[in-house]
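# Structural overview
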Amino acid sequence: MTGANSKDLICLNRDCPDYRKRNTGNIIKKGFNAKGNQMFNCKTCGVRFPETKGTVFYNRHLKEDQISSRR
Ligand SMILES: [Zn+2]
């Protein structure tokens, strides 16, 4: 069901040196949370986040929201 590749994931921690960098190889799969969502872990900063928060699509959606709200 999930087509997310860990290489396409980015770290959402603003304090992380690899924040929003793609294909750095710093994002690894880290089991599942209580809801059964795939969890990922940034090796650079150690932050864990669910798949839905780290996908490229999620961020693309955010940008569209920001653009539309400005106009
Ligand atoms: Zn990080």
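Now for a quick tour of the structure. (Residues numbered from 1 in each chain as written. Predicted model: local features only at pLDDT ≥ 70, side-chain atom pairs only at ≥ 80, totals over all residues.)

## Observations regarding the overall build of the protein chain
- Assigned secondary structure in the protein chain consists of 2 helices and 3 strands.
- When the helices and strands of the protein chain are placed in sequence order, the string is β-β-β-α-α.
- Residues classed as buried in the protein chain amount to 11% of the 71 residues present.
- Within the protein chain, contacts between residues separated by at least 24 positions form 37% of all contacts whose residues are at least 6 apart in sequence. (Helix = DSSP H or I, 4+ residues; strand = E, 2+ residues; numbered from the N terminus. Buried ≥ 20, exposed ≤ 12 C-beta atoms within 10 Å, placed from the backbone. Contact = placed C-beta atoms within 7 Å.)

## Some thoughts on the pairing of strand S1 (residues 27-32)
- Across 4 bridges, the pairing between S1 and strand S2 (residues 38-42) is antiparallel. Along S2, the bridge assignment pairs Ile28 with Asn41. (Pairing = 2+ DSSP bridges.)

## Here we look at the pairing of S2
- Taking the residues that link successive antiparallel strands as the turn, the S1-S2 hairpin has 5 residues, and the phi of Gly36 there is positive, at about 85°.
- Sheet topology places S2 next to strand S3 (residues 48-50); 3 bridges connect them, and they run antiparallel. When the bridges of S3 are listed, Met39 appears paired with Pro50.
- Turn length for the S2-S3 hairpin, with the two strands adjacent in sequence and antiparallel, is 5 residues, and the turn residue Gly46 shows positive phi of about 85°.

## With respect to the sheet that holds S2
- With respect to topology, 3 strands assemble into an open sheet ordered S1-S2-S3, the strand pairing being antiparallel. Across the chains shown, the open sheet's two edge strands, defined by having one partner strand only, are S1 and S3. In this sheet, neighbouring strand axes are inclined to one another by 35° on average, regardless of whether the strands run parallel or antiparallel. (Axes fitted to C-alpha atoms, helices over the stretch in contact; angles between N-to-C directions.)

## Brief notes about the environment of Asn23
- Considering the arrangement of structural elements, one finds Asn23 in the segment before S1.
- Spatially, the C-alpha atoms of Asn23 and Ile10 are 7.9 Å apart, while their sequence positions differ by 13 residues.

None of this, on its own, says anything about what the molecule does.
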